[in-house]
Structures are given as C-alpha cells and as structure tokens.
Amino acid sequence: FAHAYASPEQISGKNITTASDVYSLGVVLYELLTGERPFHFEGKSFEEILHTIESGQPTKPSENLRHDEADTQTKTRQDSQYLRGDLDTIILKALSKEPELRYESVERFANDINRHLNHLPIEARPQTFSYRASKFASRNKIAIFAAAIVLLALISGFAVALWQARVARTER
C-alpha cells in the first residue's frame with residue numbers, strides 16, 4: 001500500500017528530495033480526481049513493483065476514470081473533458097519518472113493547480129500564443145463578446161457610410 005505513493009527514487013533506494021514529495025502528492029491528486037491510482041501494485045512482488053515504477057507510464061487521468069454503476073456516461077464524459085488538458089499535464093509532470101522534470105517545489109505544484117482553477121496559463125505547458133489566447137478568452141468571455149459587438153457595429157457603420165457616399169455621388 002505504501003509503495004503506491006512512493007516515488008521511483010524512494011522505491012529504488014536513491015536520494016529523496018522535495019521532488020519525491022511532489023511525486024507523492026501527484027499520486028494523491030491523481031487518485032482524488034480519477035478514483036484510481038496511477039499504478040496498481042496489489043499482489044505484486046517488490047521486483048515487479050520496481051519494474052512497473054521504473055518502466056511503466058501512468059495513464060492520463062482523463063483516460064483513467066473509475067466507472068461506478070451509478071455514474072452515467074454523460075457525467076463520465078464531462079469529468080474526462082474537465083481533466084483533459086491542463087490537469088492531465090499538471091499531474092503527469094508531478095508523476096514524471098525523472099525528479100528533475102517534476103515541479104521544483106510543492107509550492108510551484110500548488111501554484112499551477114491554482115492557475116488552472118483561475119483559468120490562467122499553467123507553467124507546465126509551453127506558453128504558445130494560441131494556448132495563452134484560449135486562457136485569456138475563457139477568463140474574459142463577456143469582454144470579448146462586447147468587443148466583437150462593437151467591432152461588428154463599427155464595420156457595419158463604415159459599410160453603410162460607404163454605401164451612402166456612393167448613393168450621394170451617383171445622385172449628384
């Protein structure tokens with residue numbers, strides 16, 4: 001049971017750092033969001049656990065939701081869509097096999113979770129223009145809608161003014 005939350009370096013007897021704590025918290029978050037652990041060690045020998053931890057890759061949380069009989073497919077699909085993207089990226093970064101690829105601190109891990117909850121770009125993803133723009137749009141839907149209406153009104157007004165100018169020129 002304790003092996004389920006231990007980082008690869010803990011299980012193999014290597015140096016334990018803050019990255020080990022980040023890994024363990026990543027397992028806890030994975031389990032909270034999916035109802036499953038990233039790896040299943042029940043009934044396995046220590047060698048099998050070590051092999052799984054060192055060579056296996058956890059399934060994306062969005063693809064590993066536990067399906068209870070009471071759950072509807074719609075609810076499961078919505079949960080999967082919620083986990084897809086930033087939460088998948090955050091959790092998989094925390095569960096990276098190499099400690100240097102994980103978050104440098106628990107604070108940075110928590111910061112990325114807070115950024116996700118506030119619809120801000122997370123550190124774990126490349127900061128591309130389209131990614132940042134989509135995050136901006138999700139935070140500012142009303143302002144973007146209002147700006148689009150104003151822009152549409154300006155374009156329409158300009159088009160009507162040009163049409164009226166042409167009509168006036170033709171009548172002269």
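The model shown is predicted, which means the values in this text are computed figures rather than measured ones.

1. Things to note about the packing of aromatic side chains
- Scanning all chains against the criterion turns up two aromatic pairs.
- Considering the side-chain rings of F39 and F41, the 6.1 Å spacing of their centres and the 15° angle between planes classify their relative orientation as stacked.
- What makes F39 buried here is its relative accessible area of 10%.
- Judged by centre distance (5.3 Å) and plane angle (35°), the rings of Y103 and F109 are tilted.
- On the basis of relative accessible area, Y103 is assigned to the buried category, the value being 2%.
- A cation over an aromatic ring shows up here: K93 above the ring of Y103, its NZ or CZ 5.2 Å from the ring centre.

2. What to know about the nonpolar core
- Y23, F41, I53, L95, Y103 and F109 are the most contacted members of the largest nonpolar core, which totals 21 residues.
- Of all elements in the fold, only α2 (18-34), α3 (46-55) and α5 (86-94) reach the threshold of two or more residues within this core.
- If one sorts the elements of this core by residue count, α2 sits on top with five residues.
- Those residues in contact with F109 that sit more than four places away from it in its chain are V22, L25, G26, L29, I90, A94 and Y103.

3. Points about the confidence of the model for the protein
- Scored by pLDDT, the protein has a mean of 85; 89% of the residues are at 70 or more.
- The least confident element of the protein, judged by mean pLDDT, is helix α4 (residues 73-83) at 57; the most confident is helix α6 (residues 106-117) at 94.

4. Brief notes about the side chain of S24
- Locating S24 in the fold gives a position in helix α2.
- Given the relative accessible area of 19%, S24 is considered buried.
- Not counting residues within four places of it along the chain, the set of residues in contact with S24 comprises Y5, A6 and Q10.

5. What to know about the pattern of salt bridges
- Within this structure, the stated rule accounts for six salt bridges.
- Close ionic contact of R108 with E104 constitutes a salt bridge, the shortest N to O distance being 2.4 Å.
- For E104, a relative accessible area of 54% translates into the label exposed.
- Between E123 and R108 there is a salt bridge; the shortest N-O distance is 2.6 Å. With E123 in the loop between α6 and α7 (129-139) and R108 in helix α6, this residue pair connects regions lying 15 residues apart in the sequence.
- E123 sits in the partly exposed class, given a relative accessible area of 38%.
- Using a relative accessible area of 35% as the deciding quantity, one classes R108 as partly exposed.

6. Describing the packing of α2 against α5
- Contact pair α2 / α5: the axes reach a minimum separation of 8 Å and the direction vectors enclose 140°. Between α2 and α5, the residues in contact are V22, Y23, G26, L29, Y30 and L33 and L87, I91 and A94, respectively.
- Partitioning the contact of α2 with α5 into residue classes produces eight nonpolar, one polar and no charged.

7. A word on α3
- Along α3, the residues classified as buried are I49, T52 and I53. What you see down the axis of α3 is that its buried residues fit within an arc of 95°, all on one side. Seen from the open side of α3, the exposed residues pointing more than 90 degrees away from its buried face are E47 and H51.
- Buried residues belonging to α3 abut α1 (8-11) and α2.

8. Things to note about α2
- With 17 residues, α2 extends 24 Å from end C-alpha to end C-alpha; this agrees with the ideal 24 Å at 1.5 Å per step.
- Of the residues making up α2, those classed as buried are A19, S20, V22, Y23, S24, G26, V27, L29, Y30 and T34.
- Positioned one or two residues after α2, G35 has a phi angle of 85°, which is positive.

Quick notes on the rules
- All residue numbers refer to positions counted from 1 along the written sequence of the respective chain.
- pLDDT decides what is reported in this predicted model: residues at 70 or higher carry local features, side-chain atom pairs at 80 or more are listed and counted, and totals for whole chains, interfaces and linings draw on all residues regardless.
- Values shown for side chains rest on all heavy atoms present in the structure; no hydrogens or waters enter the calculation.
- Stacked, tilted and edge-to-face are the three classes assigned to paired rings of Phe, Tyr and Trp, where Trp is represented by its six-membered ring and a pair needs centres within 6.5 Å; plane angles under 30 degrees give stacked, over 60 edge-to-face, the rest tilted.
- Think of it in three bands: with a 1.4 Å probe and only protein chains considered, a residue is buried below 20% of the maximum accessible area for its type, exposed above 50%, and partly exposed in between.
- A ring is considered to have a charge above it if a Lys NZ or an Arg CZ atom is located within 6 Å of its centre and within 35 degrees of its normal.
- Residues belong to one nonpolar core when they are buried, are Ala, Val, Leu, Ile, Met, Phe, Trp, Tyr or Cys, and are joined through side-chain atoms within 4.5 Å.
- Helix and strand assignments follow DSSP, with helices taken as H or I runs no shorter than four residues and strands as E runs no shorter than two, numbered in order from the N terminus.
- Any two residues having at least one pair of non-hydrogen atoms within 4.5 Å are treated as being in contact.
- Values of pLDDT, which run from 0 to 100, indicate the predictor's confidence residue by residue.
- When a carboxyl oxygen of Asp or Glu lies within 4 Å of a side-chain nitrogen of Lys or Arg, that pair is called a salt bridge.
- Comment: axis = line fitted to C-alpha atoms, over the contacting stretch for helices; angle = value between 0 and 180 degrees taken between N-to-C directions.
- Each residue receives one of three labels: charged for Asp, Glu, Lys and Arg, nonpolar for Ala, Val, Leu, Ile, Met, Phe, Trp, Tyr, Cys and Pro, and polar for the others, Gly being one of them.
- Working definition: the arc comes from the directions between the helix axis and the C-beta atoms, pointing outward to the latter.
- Take the number of residues in a helix, subtract one, and multiply by 1.5 Å to get its expected span.

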